[in-house]
There are 2 protein chains.
Amino acid sequence: MADWNPALYSRFEAERTRPAAELLARVPLEAPRSVVDLGCGPGNSTELLARRYRAARIVGTDTSEAMLAAARERLPAVTFERSDIAEWSAAEPVDLLYANASLQWVPDHPRLIPRLVAALAPGGALAAQVPDNLDEPSHALMRETAADPRFAPLIGDASRLRTRILCERRYYDLLAPLADVDLWRTTYYHPLDRAADIVQWLRSTGLKPFLEPLTPELQAHFLAEYERRLEAAYPARADGRRLLAFPRLFLIARRRD
Amino acid sequence: MADWNPALYSRFEAERTRPAAELLARVPLEAPRSVVDLGCGPGNSTELLARRYRAARIVGTDTSEAMLAAARERLPAVTFERSDIAEWSAAEPVDLLYANASLQWVPDHPRLIPRLVAALAPGGALAAQVPDNLDEPSHALMRETAADPRFAPLIGDASRLRTRILCERRYYDLLAPLADVDLWRTTYYHPLDRAADIVQWLRSTGLKPFLEPLTPELQAHFLAEYERRLEAAYPARADGRRLLAFPRLFLIARRRD
């Protein structure tokens, strides 16, 4: 994929940071020495980690140079490194592995999750929040729009870039033999002024692989067609606003031994 | 219904208090002068309110004398009053109306919710957490067991005592014209050692209206039959434990004007 856009991503920063904070609030570690923020984006989640764990050695990783640059500017004292979670490994066992809204871009969770737990020090924790919205209208309508003959030959199967996450029970089964597990799923209902705001929200993330293969003119057509479908799928509520349901899976696994 | 059992209710107090704390954490009030805990039970939620809002005048209400006695013992400085939420009204506008796991026992939410908002002072907030588990196996199997000819004539339609809550969008429509709304739904996955623990969890709440009409002997038969069905519906996970999914709806409405 082309590089990410930190400014666009940060437009809904309050909404995006809330799940990051709720995940962190449940992490059962008082003073981890080493913390890795896997897929740190523009550093909004890293900032939460740095605020809670002032004495920790914190490293943020991301595949995007633009996101890493934004994160370094935000937190000059933290180390940010370019790396892909699919290939990431730690030189030494880590106390806290934190992954906020990043594992949905990494394939093969049945192999990934035990590999991440194996990178933990005894007593260390893996904490992850993963968007689980592929079956929401917001995402189903991206795929529907992409099937339009104007776009289909160029876009192909854009949805293959996102990993369909496992069901909650499957994550539990992967984790429970190795760790104490805290598992929950929250659907947030975000009131947005208009359907176009849903487009803006997703433009920096879920829509990215759908738009990149298109010419600027076709991108505009794609977005107009997608927004038209959103208008119908998210009818105006009693106050005229649209309610975007956004389900997210949370898991915290504290390694035993 | 017969009176409630505070000791039984408190057996899973950590699990029951977590949603109460998560609800409170989102209440956007720094220093409310008056707080009412509607359906306070044994005072576990009231204790959270008293800890956050030390200067507030806090009143807890419940229909159960046993619960009120337990709450008074726990928090001697707080006022606890017997009253039914369906008939509750405030002498003066309230800054924070807090209802943790109580509104599911109150009928007619389309009338109830606006009535509660009307009891708020301008800028005041209604904060509610409502179990949304009637369609989970845990509750469907209560109804299935109650249909057994040994129990059906005595139990009748026990499920009528619980209110089937509205969908999220409907609460939004009720609230948004009056208030700023924060709405989310969390499903907690509780690992329990055995199916019998699910019975214990629900015995003090959801099972209550099913058991009360039965003789002690029939109660024992009912519980054995219900547990047998739970064994099948909640298969052992990789670590041998059962994973109880417990969905809960959260809403916070801050009154405008």
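Now for a look at the structure at hand. Being a predicted model, the structure only gives us computed values, none of them experimental.

### Looking at empty space enclosed by the protein
Alright, step 1. For the structure on display, the rule yields two cavities of 30 Å³ or more.
Alright, step 2. Roughly 80 Å³ of internal volume is contained in the largest cavity.
Alright, step 3. In terms of lining, the largest cavity is formed by Trp105(A), Leu134(A), His139(A), Met142(A), Arg143(A), Ala158(A), Ser159(A), Arg162(A), Gly206(A), Pro209(A) and Phe210(A).
Alright, step 4. With three residues, the single largest contributor to the lining of the largest cavity is helix H6 (residues 137-146) of chain A.
Alright, step 5. One number sums up the size of the second largest cavity: a volume of about 60 Å³.
Alright, step 6. Together, Leu134(B), His139(B), Met142(B), Arg143(B), Ala158(B), Ser159(B), Arg162(B), Gly206(B), Pro209(B) and Phe210(B) line the second largest cavity.
Alright, step 7. Among the elements of the structure, helix H6 (137-146) and helix H10 (208-211) of chain B are those that each provide at least two residues to the lining of the second largest cavity.
Alright, step 8. Broken down by element, the residue count for the lining of the second largest cavity peaks at three residues, all from H6(B).

### Here we look at the relation of the copies chain B and chain A
Alright, step 1. For the pair chain B and chain A, the best superposition has an RMSD of 0.0 Å and corresponds to a rotation of 180° with a translation of 0.0 Å parallel to the axis. Here the two chains are linked by the operation of a two-fold rotation axis. For chain B, the smallest separation between a C-alpha atom and the rotation axis is recorded for Thr186(B), amounting to 2.1 Å.
Alright, step 2. The residues that chain B uses at the interface reappear at the interface of chain A in 100% of cases, marking a shared surface.

### Points about the environment of Ala152(A)
Residues and elements named next belong to chain A.
Alright, step 1. Relative to the helices and strands, Ala 152 is located in helix H7 (residues 152-155).
Alright, step 2. Sequence separation of Ala 152 and Arg 57 is 95 residues, and the distance between their C-alpha atoms is 46 Å.
Alright, step 3. Setting aside residues no more than four positions away along its own chain, Ala 152 makes contact with Ala 146 and Ala 147.

### Section: the packing of aromatic side chains
The relative placement of two aromatic rings is captured by the distance of their centres and the angle of their planes.
Alright, step 1. Overall, the coordinates contain 14 aromatic pairs over all chains when judged by the stated rule.
Alright, step 2. Ring geometry for Trp4(B) versus Trp105(B): centroids 5.6 Å apart, planes at 90°, classification edge-to-face. Taken together, the positions of Trp4(B) in the segment before helix H1 (6-9) and Trp105(B) in the loop between strand S4 (94-100) and helix H5 (109-118) put the pair 101 residues apart, joining distant regions of the chain.
Alright, step 3. Between Phe210(B) and Phe222(B), the ring centres sit 6.3 Å apart and the planes meet at 35°, which makes this aromatic pair tilted. Taken together, the residues Phe210(B) in helix H10 and Phe222(B) in helix H11 (residues 216-233) connect sequence positions 12 residues apart.
Alright, step 4. Assessed through its relative accessible area of 0%, Phe222(B) is described here as buried.
Alright, step 5. It is Arg162(A) that lies over the ring of Trp105(A); its NZ or CZ is 5.9 Å from the centre.
Alright, step 6. Of note, Arg248(B) hangs over the ring of Phe246(B), and the distance from its end group to the ring centre comes to 3.8 Å.

What counts and how
Per-chain numbering applies: the sequence of each chain, read as written, is numbered from 1 onward. Going through the entries in the order they are written, you letter the chains from A and number the ligands from 1. For a predicted model such as this one, the threshold for reporting local features is a pLDDT of at least 70, and the threshold for listing and counting side-chain atom pairs is 80 or more; totals across whole chains, interfaces and linings nevertheless cover every residue. Water and hydrogen atoms were dropped before computing side-chain values, which therefore reflect all heavy atoms in the structure. Here a cavity denotes grid points, spaced 1 Å and computed from the protein atoms alone, that fit a 1.4 Å probe unable to get out, and a pocket denotes an open set having protein on both sides within 12 Å along at least 5 of 7 lines; residues with an atom within 4 Å of a point are the lining. Grid points are joined across faces, edges and corners, and a volume is the space filled by probe spheres set on the points. Strands are runs of DSSP state E lasting at least two residues, helices are runs of H or I lasting at least four, and both sets are numbered from the N terminus onward. Here the copies are matched by least squares. The fit uses the C-alpha atoms of residues with pLDDT of at least 70 in both. Any pair of residues with heavy atoms lying within 4.5 Å of one another is described as a contacting pair. Note on aromatic pairs: the rings of Phe, Tyr and Trp (six-membered ring only in Trp) are paired at centre separations within 6.5 Å, and the planes decide the class, stacked below 30 degrees, edge-to-face beyond 60, tilted for the rest. Burial here depends on accessible area, computed with a 1.4 Å probe over protein chains only, as a share of the maximum for the residue type. Under 20% is buried, over 50% is exposed, and the range in between is partly exposed. Consider the ring centre and the ring normal. A charge sits over the ring if Lys NZ or Arg CZ is within 6 Å of that centre and within 35 degrees of that normal.

Function cannot be read off these values alone, since they describe shape.
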